[in-house]
Amino acid sequence: MKQILRGGTVVTGSGSFQADVLIDGEKVAAVGTGEEIGKLAQGDTAVEDVRGCLLFPGFIDAHTHFDLHVAGTVTADDFETGTRAAVRGGTTTIVDFGTQYAGESLAEGLKNWHEKADGKCSCDYGFHMSISDWNPSVSRELDDMMEAGITSFKLYMTYDTQVDDRTIFEILRRLKEVGGITGVHCENSGMIAALQAEAKAQGKMGVSSHPATRPAAAEAEAIDRLLRLAEVVDIPVIVVHLTCREGYEVIMEARRRGQKVYAETCLSIC
Ligand SMILES: [Zn+2]
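Draft legend 1. Looking closely at the nonpolar core. Counting 47 residues, the largest nonpolar core has Ile-131, Leu-226 and Leu-227 as the members making the most contacts within it. No other element matches the eight residues that helix 8 (residues 216–233) contributes to this core. Ignoring anything within four residues of it in the chain, the contact list for Ile-131 reads Gln-100, Leu-106, Val-138, Leu-142, Phe-153, Lys-154, Leu-155, Thr-161, Val-163 and Ile-171. Listed in part, the seven residues of the second largest apolar core include Leu-5, Val-10, Val-21 and Ile-23.

What follows is the structure, encoded as structure tokens:
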């Protein structure tokens, strides 16, 4: 089934312009003037007048947590509601974090995530894998993950999925071998645990205690530690949901040293 979107403003990475868009099945087949597109569209083609509308490429959200059990709770959206919300906002692909919980293999974690997602999604989807239980067998599994199309991973420096510095280092070494990359949730978990215990002892349980128990230094310190580990391994890494200037400055310093560091910004973290 072909469809023409007529008279809209097409927005691309390099600018925006008036054009008609020909869609064939699920793919954009051509973008051009009304005449050009008219020639290409033969046979049964539906025409939709979209004058006054902006036409964007489908957005990709590479950081979603649907149906994730973490930190004593479950994320609000599952794959059904989350992907429905995604397409409403123009996001046509999401990449969720499949998660290996303690005692599981990566294959089990991936299977669980397929069970949560398959048949329930309104948009395209893929997975990263969070690694929380590192051992020689999991290390061997990284080859299988790459083969299954899982090429990006996530590590947590806090929460019950936390991995320690040695583990991060060993995982980075293996990812360099197999050609994978990881995003890392960077926070100094020890500092935060101590500050939280102090706040609780003083009866400060409200939302207003949140900034005081998670100072910017806790994030900046962990980012610096991660980037020094990555520096020795010589591998690019992703700092997920960067929240503060202090952390940004650490990243810029590592870039000046010649490291490849990607950063994602986000106001709420998990
Ligand atoms: Zn996350």
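On we go.
Draft legend 2. View of the domain arrangement of the chain. By domain assignment, the chain separates into domain 1 (2–55) and domain 2 (59–265). Here the C-alpha centre of domain 2 lies 38 Å away from the C-alpha centre of domain 1.

Draft legend 3. Layout of the pairing of strand 3 (residues 27–32). Sheet analysis places strand 2 (residues 15–24) next to strand 3, joined by five bridges and oriented antiparallel. Note that in strand 3 the partner of Leu-22 across the bridge is Ala-30. What sits between the antiparallel neighbours strand 2 and strand 3 is a turn of two residues, in which Gly-25 has the positive phi angle 65°.

Draft legend 4. Fine view of the packing of aromatic side chains. Inspection of every chain in the model, using the stated rule, returns six aromatic pairs. Ring centres 5.3 Å apart and planes at 80° place the aromatic pair Phe-66 and Phe-79 in the edge-to-face group. Of this pair, Phe-66 sits in the loop between strand 6 (59–64) and strand 7 (69–70) while Phe-79 sits in helix 2 (residues 79–88); the two residues are 13 residues apart in sequence, bridging distant segments of the chain. Take Phe-66 and Phe-79: they sit in the same class, and that class is buried. Here the aromatic rings of Phe-79 and Phe-127 are separated by 6.3 Å at their centres, their planes lie at 85°, and the arrangement is edge-to-face. Here Phe-127 lies in strand 10 (residues 124–130) and Phe-79 lies in helix 2, a separation of 48 residues in the sequence. Summarising the burial analysis for this pair, Phe-79 and Phe-127 share the class buried. Pairwise contacts between aromatic rings join Phe-66, Phe-79, Tyr-125 and Phe-127 into one cluster. One cation-aromatic arrangement involves Lys-116 over Trp-113; the distance from NZ or CZ to the ring centre is 4.6 Å.

Draft legend 5. Quick look at the packing of helix 4 (residues 136–147) against helix 5 (residues 165–178). Where helix 4 contacts helix 5, the two axes come as close as 10 Å, and the packing angle between them is 40°. On the basis of the axis angle, helix 4 is oblique to helix 5. Taken as a pair, helix 4 and helix 5 cross one another with a handedness that is right-handed. Contacts between helix 4 and helix 5 involve Ser-139, Arg-140, Leu-142, Asp-143 and Met-146 from the former and Arg-174, Leu-175 and Val-178 from the latter. A class-by-class count of the residues in the contact of helix 4 with helix 5 yields four nonpolar, one polar and three charged.

Draft legend 6. Structural view of the pattern of salt bridges. Counted according to the given criterion, the structure contains 17 salt bridges. When salt bridges with common partners are traced through the structure, they connect Arg-228, Glu-231, Glu-253 and Arg-257 into a single cluster.

Draft legend 7. Broad picture of the sheet that holds strand 10. Taken together, the seven strands give an open sheet; going across it, the order is 6-9-10-11-12-13-14, and neighbouring strands pair in parallel fashion. Edge positions in the open sheet fall to strand 6 and strand 14 (261–265), since each of these has one partner strand only. When strand polarity is set aside, the average angle formed by the axes of neighbouring strands in this sheet is 30°. One ladder, built from five bridges, connects strand 11 (residues 152–156) with strand 12 (residues 181–185); its direction is parallel.

Draft legend 8. Fine view of a nonpolar patch on the surface. Taken together, the side chains of Phe-17, Val-28 and Val-31 present a nonpolar region at the surface, about 260 Å² in accessible area. Inspection of the secondary structure puts Val-31 in strand 3.

Draft legend 9. Representation of the environment of Arg-173 within the structure. Positionally, Arg-173 belongs in helix 5. Here Arg-173 falls in the partly exposed class, since its relative accessible area comes to 44%. Taking C-alpha positions, Arg-173 is 51 Å from Val-50, a pair spaced 123 residues apart along the chain. In this structure Arg-173 touches Val-232 and Val-233, once residues within four positions along its chain are discounted.

What counts and what doesn't
- Residues numbered from 1 in each chain as written.
- Predicted model: local features only at pLDDT ≥ 70, side-chain atom pairs only at ≥ 80, totals over all residues.
- Heavy atoms only, no water.
- Core = buried A, V, L, I, M, F, W, Y, C linked by side-chain atoms within 4.5 Å.
- Buried < 20%, exposed > 50% of the residue type's maximum accessible area, 1.4 Å probe, protein only.
- Helix = DSSP H or I, 4+ residues; strand = E, 2+ residues; numbered from the N terminus.
- Contact = heavy atoms within 4.5 Å.
- Domains from an automatic or database assignment.
- Pairing = 2+ DSSP bridges.
- Phe/Tyr/Trp six-rings, centres within 6.5 Å; stacked < 30°, edge-to-face > 60°.
- Lys NZ or Arg CZ within 6 Å of the ring centre and 35° of its normal.
- Axes fitted to C-alpha atoms, helices over the stretch in contact; angles between N-to-C directions.
- Parallel < 35°, antiparallel > 145°, perpendicular 65-115°, else oblique.
- Left-handed = near helix turned anticlockwise from the far one by under 90°.
- Nonpolar A, V, L, I, M, F, W, Y, C, P; charged D, E, K, R; others polar.
- Salt bridge = Lys/Arg side-chain N within 4 Å of Asp/Glu carboxyl O.
- Patch = residues over 30% accessible without salt bridge, like charges linked within 9 Å, V, L, I, M, F, W, Y side chains within 5 Å.
- Areas by Shrake-Rupley, 256 points an atom, 1.4 Å probe, with all protein chains shown as cover.

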